[in-house]
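So you can see what is in the structure, the chains are spelled out below.
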Amino acid sequence: MSDKGYDEPRLKPLRILGRTVHHDDAVKYALLAVASVASVIVLAIIGFILANSIPAIEAIGLREFFTGDIWRPTRGHFGASTVITGTLLVTLGAIVFALPLGLGAAIFISELAPKKYREPLKLLSEIFSGIPSVVYGFFGLVVVVPFLLNNVPGATQGQSWLAGSILLGIMALPTIISVSEDAISSVPRSYREASLAMGATRWQTTSRVVVPAAISGISAATILGIGRAIGETMAVMMVTGNAPIFPEPLSNLMSPIRTITATLAIEMNEVPVGSTHFHALFLLALILFLVVLLVNSLSRLVMRRMKEKFNPTKQPKKRSVRYLDAMAILAKVFTGVRYVVILGIVWIIADLWFSPSAAIAITAAALALMLSSRFLSANNMQRLAHSGLTLVMAVVLALLVIIVGDIVIKGIPALSVEFITDYPARGGRDGGIYPAIVGTLKLVFGTVLIAVPLGVISGIYLADYAKDTRYTRIIRASIDNLAGTPSVVFGLFGLAAFVIYFDFGFSLLAGWLTLAFLVMPVIIRTTEEAVKRVPSELKEASLALGASKWETITKVVLPAAFPGVITGSIISIGRAAGETAPIMFTAVVAYQTRMGGGITDPVMALPYHLYYLATNIPDAYDQQYGTALVLLLLVLAIYASATVLRHHYNKKLNW
Amino acid sequence: MTDNIIDINGLNLWYGDNQALVDVSMPVMKNKITALIGPSGCGKSTLLRCINRMNDIIEGCRVEGEIMFHDRNIYSPETDVMGLRKKIGMIFQKPNPFPMSIYENVTYGPKVHGVNSREALDSIVEECIRSSALWDEVQDRLGASAMSLSGGQQQRLCIARALSVSPEVILMDEPTSALDPIATSKIEDLAQELKRDYTVVIVTHNMQQASRISDYTGFMYMGKLIECGKTEEIFENPQEELTERYITGRFG
Ligand SMILES: Nc1ncnc2c1ncn2[C@@H]1O[C@H](COP(=O)(O)OP(=O)(O)OP(=O)(O)O)[C@@H](O)[C@H]1O
Ligand SMILES: [Mg+2]
């Protein structure tokens, strides 16, 4: 080093556009630019979808669109009220199914399970969220639908509202379980102690103090579950029968039904680009997007307020006191109406399964049971409640075992070397799935190549550079919205933007871009979290040695945050590998006997192949199960490796 | 005329393999205030929590010995733990009102124990909040969230909540350590009031507080009860050198 080495700045300020820009500032603006990509995408999604729906508004009219009840685009009827209602009904049913199970399991995990079983139980319930939605749909089609058909008296078909709600309910379970479990276990221990110290039983403490205190988190969980259910495509489409009608009567759970998402998925590939029908589908997507946006914003609001809640020594702000009061009222309403809700459900199901007179008797019996619980001693009540919770947990685990078990057991006989290495034959009835496997790997590879750099850089920016300004808040909100946007909306966006507007056609490239934007939020979040967890002493030590902020990040922070970043990337791979809706309008074909090599060629992919076989070639049973198993194993293996990695490093790096 | 309401005999306690109480024996006098003092980590809170079996909820905690309350060993298997905790209430270091209204905080305990009539609950609320010297400050906003109270008010609400199930004994674990001096002196005055109807056991780090408000004092060190007796005697004429060094601040 020269004598005057101290005086000369090691990193010379840059001259950009005639202005002197400090080195760290230049880096900061570069990162900011990348982080803004998320906002640009959200704007682009809104822009493309809005632009494509306006012609439909002009041609059809919003009034006709929302109130008309005939959806027959080929005849020029664009009344969407049946499909909008369908979406609402299926979602409602899903929540009615999932909330008791999810909340019960969450309470069990947090309050009842011995400490050493808590983590394993949480992990198991996470597996639900790893199963691709097309696999759920397949399971629904081959197991749930026939089951309903054979067991519901008088049922003429199994593809129904009920089937859709059951599947969506199962799919909403992991969200509800993990978010409520978080909320419940973060209720301060001191509340539990105060209650127990007054001689309350554990169950009284749980039901009267802990759950009401966690009500915001539980509502957020429910809302998130609703958001998930509204946006779900493949599973619902495969099991609801897709008839655009109102159930007759409206409580007829065995009626076929059609959702917005299913309409998009079924019709999008078959309409002439630019027709009224084409634009009407975009209008549906716009509605879907806005509803999900609203739902997700609501859940975020609720969560944010929850954080201010558990700080007893600090006086809360006026606003949050008012909010607390509102939440207390909500908790009361919830406790008040739960009997009515439970009885209503009992009645509807009994009516469906048996007969109207039996339904009255069963409902009355349920009512009597509920009333008599008031006369139980506190200890017996606790015994009853704890058995109930244990039962709920068992049901949740049984569902998991049944779904995974069915596919594994029936899929294994279909597996063979040829199945993996051969091209399909006779339209998929024979042969293997080689091009689908390769296609999925190609899709995943490119997706990761695009999404990881964008995501990691955005994550670093948010963790280390972003101050809480309006601009960064917009970026954060965009990322949240992107994470909540239904995958079918990504598919439509990909179609409008990449396939048509940029004229990439049905191609690997269009699939890459679409999937990359879909998985980016996951990578951003995990990176941000990982970077934030690097202890500030480490950063300060580096800065104190005279390293620039950027050097500190690349040489100290990133290596320390590496496991977290990798975990996020792996999870995004799993997600990309399992998604169907985003690629079905952008990149995939059902059948190939020869693969194209370029990025402008379409590919086959496992999820879409499974969908195609399940819905078009019903007798190709072995092929279906074999494909489902390969897809399931692939995705679960990816998630499992992410989990193992996370646990491994969490143990090792115990800051 | 006073007598022992609680007798602790030969109590040992382990958290896993770590012994936190070693052969502790001491009486607690009825309608008196008993203070537990000693350096941090010596087992004061642990001992206090044994008295209403709050240690039951800690995994891996094991107790030997006996605590007699009304001539029955509370650690005998037939003890009704819920009933015991109703009789022996507890106030914690950090005020921990439930995130409910002031009114509901006080009615929580009675409701749990089966009181449901509106009039009975109303009168319990008024009586307990008056006893905890909070009535004037909150009487016109009983429906407001307990979280809107100041720290000192919250702690007095917690005392009202503890009184709501008519306990005989109130255990207080450093009830003033999270409060400012004015709120502290209110709680101290309140403790003096309470001993007419209740028996109080209070853990404190503050030697002045112990000597100001307590009738009896126990000094603990490393899980052992070194010495206990009348507060004046402990402070003016301690029998053990360890006690003397601690109360004169020459410790360590
Ligand atoms: N839940 C627990 N699990 C394991 N060990 C514990 C637990 N609670 C306390 N201990 C241990 O028991 C010993 C006594 O703790 P205790 O809290 O009773 O002390 P203390 O006198 O109240 O201290 P302080 O004045 O700091 O509150 C300590 O060594 C502590 O580490
Ligand atoms: Mg203590």
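The following paragraphs examine the structure supplied in this document. Every chain is numbered independently, its residues counted from 1 as its sequence is written. Whichever chain is written first becomes A and whichever ligand is written first becomes 1, with later ones labelled in order. The predicted origin of the model limits local features to residues at a pLDDT of at least 70 and limits the giving and counting of side-chain atom pairs to 80 or more, whereas totals for whole chains, interfaces and linings rest on all residues. Heavy atoms from the whole structure form the basis of all side-chain values; hydrogens and water molecules are not counted.

**Describing the overall build of chain A**
What chain A contains, in helices and strands, is 26 helices and 6 strands. Dimensions of chain A, computed from the C-alpha atoms along their principal axes, are close to 100 × 70 × 55 Å. Remark: exposure states derive from per-residue accessible area (1.4 Å probe, protein chains only) relative to the maximum for the residue type, with buried under 20%, exposed over 50%, and partly exposed in between. The buried share among the 655 residues of chain A stands at 53%. The long-range fraction of contacts in chain A, counting pairs at least 24 apart against all pairs at least 6 apart in sequence, stands at 78%. If the 52 positive side-chain charges of chain A are averaged to one point and the 38 negative ones to another, these points end up 9 Å apart. In DSSP terms, a helix is any run of H or I states spanning at least four residues, a strand is any run of E spanning at least two, and both are numbered starting from the N terminus. Any two residues whose heavy atoms approach within 4.5 Å are treated as being in contact. In this tally, Asp and Glu contribute negative charge and Lys and Arg positive charge; neither His nor the terminal groups of the chain are included. Working definition for charges: the position is that of NZ of Lys, CZ of Arg, CG of Asp or CD of Glu.

**Focus: helix α20 (residues 487–501) of chain A**
Residue and element names in this part refer to chain A. Compared with an ideal rise of 1.5 Å per residue, which puts 15 residues at 21 Å, α20 spans 20 Å between its outermost C-alpha atoms and is within 8% of the ideal. Fitting axes to the seven residues that end at a residue and to the seven that start at it, the angle between those axes gives the bend at that residue. For α20, the principal kink sits at Gly 494 and spans about 30°. At the exit of α20 stands Asp 503, carrying a positive phi of roughly 60°. To estimate the expected span of a helix, count its residues, drop one, and scale the result by 1.5 Å.

**Re the packing of helix α3 (residues 102–112) of chain B against helix α4 (residues 118–131) of chain B**
Residues and elements named next belong to chain B. Between α3 and α4, whose axes approach to 9 Å, the crossing angle comes to 115°. Here α3 lies roughly perpendicular to α4, going by the angle between them. The chirality of how α3 crosses α4 is right-handed. Seen from α3, the contacting residues are Ile 102, Tyr 103, Val 106, Thr 107, Pro 110 and Lys 111; seen from α4, they are Arg 118, Leu 121, Asp 122, Ile 124, Val 125, Cys 128 and Ile 129. Note that Gly is not counted as nonpolar here; it falls among the polar residues with everything else outside the nonpolar set of Ala, Val, Leu, Ile, Met, Phe, Trp, Tyr, Cys and Pro and the charged set of Asp, Glu, Lys and Arg. Class assignment of the residues belonging to the contact of α3 with α4 gives a composition of 9 nonpolar, 1 polar and 3 charged. A fitted line through C-alpha atoms serves as each axis, taken over the contacting stretch for helices, and the angle formed by two N-to-C directions is quoted from 0 to 180°. Any angle between 65 and 115 degrees counts as roughly perpendicular, while under 35 counts as roughly parallel, over 145 as roughly antiparallel, and the rest as oblique. Crossings are sorted by hand: turned counterclockwise from the far helix by less than a right angle, the near helix makes the crossing left-handed, and turned clockwise it makes it right-handed.

**Brief notes about the nonpolar core**
Leu 443 of chain A together with Ile 6 of chain B are the most contacted members of the largest nonpolar core, which has 234 residues in total. Here this core gets 16 residues from one element, more than from any other, and that element is helix α4 (residues 81–112) of chain A. Excluding residues within four positions of it along the chain, Ile 6 of chain B makes contact with Met 26, Pro 27, Val 28, Ile 51, Ile 67, Met 68, Phe 69, Ile 88 and Val 169 of chain B. In terms of nonpolar packing, the next biggest core, distinct from the first, is built from 40 residues, Ile 102, Val 125, Cys 128 and Val 138 of chain B among them. What makes a nonpolar core is a set of buried Ala, Val, Leu, Ile, Met, Phe, Trp, Tyr and Cys residues whose side-chain atoms join them at distances within 4.5 Å.

**A closer look at the site of ligand 1**
All names here are of chain B. When we say a residue is near a molecule or strand, we mean one of its heavy atoms is within 4 Å of it. Taken together, Tyr 15, Ala 20, Ser 40, Gly 41, Cys 42, Gly 43, Lys 44, Ser 45, Thr 46, Ile 58, Glu 174 and His 205 form the complete shell of residues around ligand 1. With respect to ligand 1, the side chain of Lys 44 contributes an N or O atom lying 2.7 Å from an oxygen atom. Pairing of N or O atoms within 3.5 Å defines a polar contact, subject to two protein rules: one partner must be a possible hydrogen donor and the other a possible acceptor, and residues neighboring in sequence count only if both atoms are side-chain atoms. With respect to ligand 1, the side chain of Glu 174 contributes an N or O atom lying 3.4 Å from an oxygen atom. Coverage of ligand 1 by the protein amounts to 62% of the 630 Å² it exposes when considered alone. Sorting elements by how many residues they give to the shell around ligand 1 places helix α1 (residues 44–51) first, with 3 residues. Where accessible areas are quoted, they stem from the Shrake-Rupley method and a 1.4 Å probe; at the residue level, only the protein chains shown are allowed to cover.

**Examining the sheet that holds strand β9 (residues 216–221) of chain B**
All names here are of chain B. Reading across the sheet, the 6 strands line up as β6-β7-β8-β3-β9-β10 and stay open at both edges, with mixed pairing between neighbours. Looking at which strands have only one partner, the edges of the open sheet turn out to be β6 (88–91) and β10 (224–230). Adjacent strand axes in the sheet meet at a mean angle of 15°, parallel and antiparallel pairs treated alike. Looking at chain direction, β6 and strand β7 (residues 169–173) are connected through 4 bridges and run parallel. The residue bridging Ile 91 from the neighbouring strand is Met 172, located in β7. Against the sheet, α1 touches β3 (33–37), β6, β7, β8 (199–203) and β9, its axis set at about 155° to β7. Relative to β6, helix α6 (residues 151–163) is tilted by about 170°, and along the sheet it contacts β6 and β7. At least two bridges found by DSSP between two strands are what make those strands a pair.

**Some words on the pattern of salt bridges**
Here, a salt bridge means any side-chain nitrogen of Lys or Arg that lies within 4 Å of a carboxyl oxygen of Asp or Glu. Counted under the stated rule, the structure contains 20 salt bridges over all chains. The shortest N-O distance in the salt bridge between Glu 267 of chain A and Arg 258 of chain A comes to 2.7 Å. Put simply, Arg 196 of chain B and Glu 193 of chain B hold a salt bridge, and the shortest N to O gap is 2.9 Å. Arg 196 of chain B sits in the exposed class, given a relative accessible area of 59%. By relative accessible area, Glu 193 of chain B is classed as partly exposed at 44%.

**Looking at the interface of chain A and chain B**
With 27 residues of chain A at the interface, the matching set in chain B holds 35 residues. Buried area is understood as the total, over both parts, of accessible area removed when two parts are fitted together, assessed with a 1.4 Å probe. Here chain A packs against chain B, burying approximately 2,600 Å² in sum over the two surfaces, 63% of which is carbon and sulfur. Taken together, the connections running from chain A to chain B amount to 1 salt bridge. In this structure, Glu 193 of chain A engages Arg 49 of chain B in a salt bridge whose closest nitrogen and oxygen atoms are separated by 3.0 Å. Where chain A touches chain B, the interface holds 5 residue pairs in polar contact (both at pLDDT 80 or more). For the side of chain A that touches chain B, the secondary structure elements donating two or more residues are α8 (189–197), α9 (202–213) and α14 (318–353) of chain A.

**Section: helix α15 (residues 356–372) of chain A**
Residues and elements named next belong to chain A. For α15, spanning 17 residues, the distance from its first C-alpha to its last is 24 Å, which sits close to the expected 24 Å at 1.5 Å a residue. Looking at α15, one finds that the buried residues are Ala 359, Thr 363, Ala 366 and Met 370. For α15, the arc enclosing every buried residue in end-on projection is 60°, short of the 170-degree limit, so these residues lie on one face. Among the exposed residues of α15, those oriented more than 90 degrees off its buried face are Ser 357, Ile 360 and Leu 369. What the arc describes is the spread of directions from the helix axis to the C-beta atoms.

**Quick notes on the sheet that holds strand β2 (residues 18–29) of chain B**
Residue and element names in this part refer to chain B. Judged by pairing direction, the sheet is antiparallel, and its 4 strands sit side by side in the order β2-β1-β4-β5 without closing on themselves. For this open sheet the edge positions go to β2 and β5 (72–73), each flanked by a neighbour on one side alone. Relative to β5, strand β4 (residues 61–69) runs antiparallel, the two sharing 2 bridges. Counted as the bridge partner of Met 68 is Asn 73 from β5.

Honestly, that's just the spatial picture; any functional story needs more than this.
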